[in-house]
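One letter stands for each residue in the lines below.
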Amino acid sequence: MSEPPARRRLGPALLAVGWLVLLLPPFYLSAFWLQTGLFAMAAVIAAIGLNLLVGTAGQLSLGHAFFLAVGAYGYTWLAGSPAADEGLSGLRLPPAVAFVAAVLLTGVAGALFSPVSGRLRAMYLGVATLALVFVGQHILLNATSVTGGFNGRSVPPLTVFGFVFGDTDDGLTVFDVPFGGLERLWYLGLLLVAVASLLARNLLRGRPGRALGALRDSETAAAVMGVHPARYRAAAFTVSSMYAGAAGALLALVFQRIVPDYFSLGLSMSFLAMVVIGGLGSVGGAAAGAVFVTVLPQLLGHFADRIPLVVAPGSTGTGLDASDAADFLYGAALVLTLVFAPDGLAGLLRRLRLPRPRLRAATPQTSAVGEPAVGDTLKEQTL
Amino acid sequence: MSAGIDVPELRVHDVTVRFAGLTALDGVSFTVAPGSIHALVGPNGAGKSTTFNVLSGVYRVASGSVRFGDAELTALAPHRIAALGIARTFQNIVLTRGTVADNLMLGRHTLTRAGFLTSALRLPHVRGEQRAHRERVREIADFTGLGARFDTPVSLLSYGERKRVELARALCMEPKLLLLDEPVAGLNTAERAAMARTVASVRDALGLSVLIVEHDMGLVMRMSDEVTVLDFGRRISGGTPQQVQRDPAVIAAYLGGATDAPVGEETR
Ligand SMILES: Nc1ncnc2c1ncn2[C@@H]1O[C@H](COP(=O)(O)OP(=O)(O)O)[C@@H](O)[C@H]1O
Ligand SMILES: [Mg+2]
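Since this is a predicted model, take the numbers as computed values, not measurements.

Calculation notes
- Residues numbered from 1 in each chain as written.
- Chains lettered and ligands numbered in written order.
- Predicted model: local features only at pLDDT ≥ 70, side-chain atom pairs only at ≥ 80, totals over all residues.
- Heavy atoms only, no water.
- Donors = N, O, S within 2.8 Å, 3.2 Å for Na, K, Ca; no water.
- Helix = DSSP H or I, 4+ residues; strand = E, 2+ residues; numbered from the N terminus.
- Patch = residues over 30% accessible without salt bridge, like charges linked within 9 Å, V, L, I, M, F, W, Y side chains within 5 Å.
- Areas by Shrake-Rupley, 256 points an atom, 1.4 Å probe, with all protein chains shown as cover.
- Salt bridge = Lys/Arg side-chain N within 4 Å of Asp/Glu carboxyl O.
- Buried < 20%, exposed > 50% of the residue type's maximum accessible area, 1.4 Å probe, protein only.
- Near = heavy atom within 4 Å.
- Polar contact = N/O pair within 3.5 Å; in protein donor to acceptor, adjacent residues only side chain to side chain.
- Pairing = 2+ DSSP bridges.
- Axes fitted to C-alpha atoms, helices over the stretch in contact; angles between N-to-C directions.
- Contact = heavy atoms within 4.5 Å.
- Buried area = accessible area lost by both parts, 1.4 Å probe.
- Nonpolar A, V, L, I, M, F, W, Y, C, P; charged D, E, K, R; others polar.
- Core = buried A, V, L, I, M, F, W, Y, C linked by side-chain atoms within 4.5 Å.
- Domains from an automatic or database assignment.

> Explain the coordination of the magnesium ion (ligand 2) here, please?
Perfect tetrahedral coordination of a metal by four donors corresponds to 109.5 degrees between them, and perfect octahedral coordination by six donors corresponds to 90 or 180 degrees. Bound to the magnesium ion (ligand 2) are the protein donor atoms Ser49(B) (OG) and Gln91(B) (OE1), situated 2.1 Å from the metal. Here Ser49(B), found in helix 1 (residues 48-55), pairs with Gln91(B), found in the loop between strand 6 (86-88) and helix 3 (100-106); they are 42 residues apart in sequence, far enough to count as distant.

> Even after reading the chapter, I still don't get a nonpolar patch on the surface, so can you show me in this structure?
All names here are of chain A. A grouping of Val17, Val21, Leu24, Tyr28 and Leu29 is seen on the molecular surface, where their side chains present a nonpolar patch of about 490 Å² in accessible area. Within the secondary structure, Leu29 is located in the loop between helix 2 (25-28) and helix 3 (31-56). What makes Leu29 partly exposed here is its relative accessible area of 38%.

> Can you walk me through the site of ligand 1 in this structure?
All names here are of chain B. Taken together, the neighbourhood of ligand 1 is formed by Phe19, Leu22, Ala24, Asn44, Gly45, Ala46, Gly47, Lys48, Ser49, Thr50 and Tyr59. The backbone of Gly47 places a nitrogen or oxygen atom 2.9 Å from an oxygen atom of ligand 1. In the environment of ligand 1, an oxygen atom lies 2.7 Å from a nitrogen or oxygen atom belonging to the backbone of Lys48. In isolation ligand 1 has 560 Å² of accessible area, and contact with the protein removes 64% of it. Broken down by secondary-structure element, the contributors of at least two residues to the shell around ligand 1 are strand 2 (22-32) and helix 1. The element contributing the most residues to the shell around ligand 1 is helix 1, with three residues.

> Would you mind going over the sheet that holds strand 10 (residues 234-239) of chain B with me for this structure?
Sheets are built from strands paired through backbone hydrogen bonds, the pairs being either parallel or antiparallel. Residues and elements named next belong to chain B. Here six strands make up an open sheet; going across it, the order is 6-7-8-3-9-10 and the pairing mixed. On the outer flanks of this sheet lie strand 6 and strand 10, each paired with one strand and no other. Mean inter-strand twist for the sheet, computed between neighbouring axes without regard to direction, equals 15°. With four bridges joining them, strand 3 (residues 37-41) and strand 9 (residues 226-231) adopt parallel strand pairing. What sits directly across from His38, in strand 9, is Glu226. Against the sheet, helix 6 (residues 159-171) engages strand 6 and strand 7 (177-181), with an angle of about 165° to strand 7.

> Would you mind showing me how to read the interface of chain B and chain A here?
Often, the extent of an interface is quoted as the loss of accessible area upon association of its parts. Listed by partner, the interface residues are 58 residues for chain B and 46 residues for chain A. Of the roughly 4500 Å² buried between chain B and chain A, counting both surfaces, carbon and sulfur atoms make up 64%. Notably, a salt bridge pairs Arg97(B) with Asp217(A), separated by 2.9 Å at the nearest N-O pair. Between the two partners, chain B and chain A, sit seven residue pairs in polar contact (both at pLDDT 80 or more). Among the elements of the structure, helix 2 (78-83), strand 6, helix 3, helix 4 (116-120), helix 5 (124-143), helix 6 and helix 7 (189-206) of chain B are those that each provide at least two residues to the side of chain B that touches chain A. In the side of chain B that touches chain A, the residues fall into 24 nonpolar, 17 polar and 17 charged.

> What is the right way to look at the sheet that holds strand 4 (residues 63-68) of chain B in this model?
Residues and elements named next belong to chain B. Reading across from one edge, 2-1-4-5 is the order of the four strands in this open sheet, with antiparallel pairing throughout. Each edge of the sheet is formed by a strand with only one pairing partner; in this case those strands are strand 2 and strand 5 (71-72). Each of strand 1 (10-19), strand 2 and strand 4 is contacted by helix 1, which is oriented at about 115° to strand 1, the strand it contacts most.

> Please clarify how the nonpolar core should be interpreted in this entry.
For soluble globular proteins, nonpolar side chains are generally found buried alongside one another. The biggest cluster of nonpolar side chains holds 144 residues, and the ones touching the most others in it are Ile45(A), Leu68(A), Tyr75(A), Phe263(A), Leu104(B) and Leu178(B). Of the residues forming this core, the biggest block, 15 residues, is contributed by helix 3 of chain A. Both domains that meet at this core, namely domain 1 (1-85 + 175-268) and domain 2 (97-174) of chain B, each give it at least three residues. The residues touching Leu104(B), leaving out its near neighbours within four places in the chain, are Val137(B), Ala141(B), Phe150(B), Val165(B), Ala168(B), Arg169(B) and Cys172(B). In terms of nonpolar packing, the next biggest core, distinct from the first, is built from 25 residues, Leu40(B), Leu55(B), Val66(B) and Leu76(B) among them.

This is the structure in C-alpha cells:
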C-alpha cells in the first residue's frame, strides 16, 4: 500500500518549503505577530511532548502547566542573579547551560512522579496530576526567593557564545531590518521546534514508540510481548515533562517576565485541546493543534471588528463586541473541528491525501494471500 | 525435528484459580513435552483461556505451580515471562494500531535494546538493530503469508489475516513455547488448513513447544501429539488424541455441554 512516488516526494518537498517560509516572518511581521508566533512555537514543543503521553501512551495529564513552570522558573533561577533587595536568589549559570539544565531539571521532576505516573492509568493519572498544578501554584506563590512570588520574576536573556537572544543595543540589522529580541528568538524557537519534532518522530518510530502504542491499545498484550508497563508509562511521563520544560524555558525568554498566574490549570487544559484537535498520536498533528489553539484566538481578536454585525470594542452600536465575537468564533471552531474531524487535523489531512475507498479497492483479495507460499520454511534466526 | 533451541519442559502442577465465588481452575496438572504440540480442549468456560492467562502471568494462581525449566512462572510478571521465550496469541485478536510491520516489530521487544534516548537520537547501533530485526521480521511475515501485507495498516486486514498477524507477532519473539488460543476460530476452511500447516511447520522447523486451545476437534486430532481435556476447571482426561477420543468422561462432558463440536467429528 505504498503511495504513488510523486506524492511521496511531494511531502518532504512541501515540508522543506514550509520551513523556508518560516524563516521569513522576522522581516515582515510586527512584534505582536512575532510574539504570537513564538507562543505558538513554545506550544508546539509542549504539545509534541504531551502527545507522546496522551496520544501515544494513552495516558492523561493535567499537570503539563506545572512542568512548563518548572522549566520557566528553573531557567530563570539557574541563570538569574541574586538580588538582595528583592530577596531573590539565583545561580548565575551561563544562560545556555541554564537552559539545558532547566530541561533536565524538569525531567527529574517528571521522574520523581514515576511511582504515580507508572502505576495509574489514563483518567486516574489525569486526576492525580491535578494535584501537581495546585501544589505548583502554591510553590510559585510562596517560594519567593526562587520565583519572586505573586509578582513574578524577570527573566535573564539567553546568550550563546556572547550572542544575545534578547533586546540589546548591539545594533544588529539583517537586510535593513533591525534584529531585536523577538527576531532573534524566532530562529531559536524554530531550531528548538525542529529538534523537538525530530527527536519525537524518531522516538515514535522506534522501539519505545511501538511499546507505548501497544500499552495504549492493550496493557495485557503489551506486557505479554515483554513491555514493562510501569517503566514505560513512567518514562513517557518523564519525556513529556522534559518537552514541557523546554517549552517553559522558551516561553520565559519570550515573556521576559514570568508570573505564577500563567501556569494555571487552564494552560494544562489548552494543551490537551491542542493534542486532541491535532489528532492524538502524530507529531505533525500535535504541532498543527498547537498553532490552531494559540494563533486562532489572536487572529480572531485582531480581525473580529471587520466581521459584519461585530462592533469595535467600546463603541455603542447594536452588535457583538469584537472580543466576545472572537471568543464565540474560537469556541465554534473548536467544536466544529472536533465534530467534523474527530481524528483531528492530522486525520483530516490523511483523509484528504488517501481516499479510503480507493485504498480498499487497490488491496489484493484476501484469499490470494491467505496461504503461505508453498515450500517456504522458517529457519532459525541468525542474528 | 531440529533441536536448535534448547526448549525446557512446561510443568503445570495442581493449579487452582478463583474469581469471586467461582473456581475457574481446580487443581489442574499437565506437562507439555519439549518440542511437542499439546492441545488443550474442553467446552466453553472450561478454563482454557484462564490457563493461558496463568501461563503468561496475566492471572495469579490461588495455589499450585507452573515451572518452565527452572523458572517458576506463577511468581513472574508477564513481561518477565515473555523474556523467557513464552509467546501467546489471544482468543480475541489484540493488535496495535499501525502496520503489520509495526505489530511484528513489537514482537522483537524483548530481543532488542534501544531505549528512549538512543532511539530519539537514532544512534548508529539503534539503526543497525532496527535494520537487522526488520529483516528477520520480514522473513517471518513471508513465512506466515503476510509478506504482501507488510506495510498495510492492520485495520485494513481481513479477520483471517489479523489472526495471522497475531501468530506472526508471537513468532517474532523467537519463542520456546508458543501458546495459541483458538487460532483458527472464525476462519474459513482454506484459512484453517493454512494456519494448521503453518503451526506444524513452525514446530518442525524450530523445535519449539506449542500449547494450542482449539474447538475444531478434527484439527486437534490430526495435529497434536498430546491432548489435555478440561471441564468446569478440572482436568478430566489426557493422553494421545486416540486415547482421549475414546475416553467416556470426555464423551460425557461434550454431550452434556453439547454446544461445541462433538469429539471426533471432522469439522473441515
Ligand atoms: N477475569 C475474570 N473474572 C471473572 N471470571 C472469569 C475471568 N476470566 C475467566 N473467568 C471465568 O472463568 C471460567 C473459565 O473461563 P475461560 O478460561 O475463559 O474458559 P474457556 O475454556 O472457554 O477459555 C468462566 O466461567 C469465566 O467466566
Ligand atoms: Mg477461551
